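# Per-entry structural report
Read off the chains here:
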Amino acid sequence: MMDVNEIREYLPHRYPFLLVDRVLELEKGESIVAIKNVTVNEPFFNGHFPDHPVMPGVLIVEAMAQAAGILGFKTMDKKPQDGSIYYFVGSDKLRFKRPVVPGDQLKLEAKVISERRGIWKFDVRASVEGDTVSSATILCADRKV
């Protein structure tokens, strides 16, 4: 289990772009389960959409990538302060099943598919109350800063 203070040690993101609130489970080299609490106070809801707030799909993908990034950093036993950064570099099979709205708790899951020369491939899924919201295969690259 990781709280937001420990998460900030493994992700360089800060407000308003830190999209992981808590890690519930993490098995190095295997998988992670994390959460993002979605509130009406999120800055993106002011414009997306004021009368019908919906979390932008790109931010759902980013939240899944951040969870995968934590898994990658923990697996490599690295942190951004060590001079390493984890870039989101691609996605395949991206699907959205339903909107995410204020009050939802987004469950973020990532599983390692492979790692080769610093390029990691993950199977990712976001869900709300057991219903899949989005899924994809994503690629992340570990690079020096």
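Structure: above.
For clarity, every value in this text was computed on a predicted model and none was experimentally measured.

## Description of unusual backbone geometry
Each neighbour pair has its own omega, and for Tyr15 with Pro16 the value is 0°, a cis peptide bond. With respect to the helices, strands and loops of the structure, Pro16 is situated in the loop between α1 (4–10) and β1 (22–27). In the segment running from His48 into Phe49, the intervening peptide bond is cis, with an omega of -5°. The phi torsion at Asp77 lies on the positive side, around 55°, for a residue other than glycine. In this structure, Asp77 sits in the loop between α2 (57–76) and β3 (84–96).

## Some remarks on the packing of aromatic side chains
Following the criterion strictly, the structure yields four aromatic pairs and no others. Here the aromatic rings of Phe73 and Tyr86 are separated by 5.3 Å at their centres, their planes lie at 40°, and the arrangement is tilted. Of this pair, Phe73 sits in helix α2 while Tyr86 sits in strand β3, placing them 13 residues apart in sequence. Relative accessible area serves as the criterion here: at 1%, Phe73 is assigned to the buried category. Ring geometry for Trp120 against Phe122: centres 6.0 Å apart, planes inclined by 10°, an arrangement best described as stacked. Across the pair, Phe122 and Trp120 agree in class, each one buried. Feature note: the residues Phe73, Tyr86, Trp120 and Phe122 constitute an aromatic cluster, connected by ring pairs.

About the cut-offs
Residues numbered from 1 in each chain as written. Predicted model: local features only at pLDDT ≥ 70, side-chain atom pairs only at ≥ 80, totals over all residues. Heavy atoms only, no water. Helix = DSSP H or I, 4+ residues; strand = E, 2+ residues; numbered from the N terminus. Phe/Tyr/Trp six-rings, centres within 6.5 Å; stacked < 30°, edge-to-face > 60°. Buried < 20%, exposed > 50% of the residue type's maximum accessible area, 1.4 Å probe, protein only.

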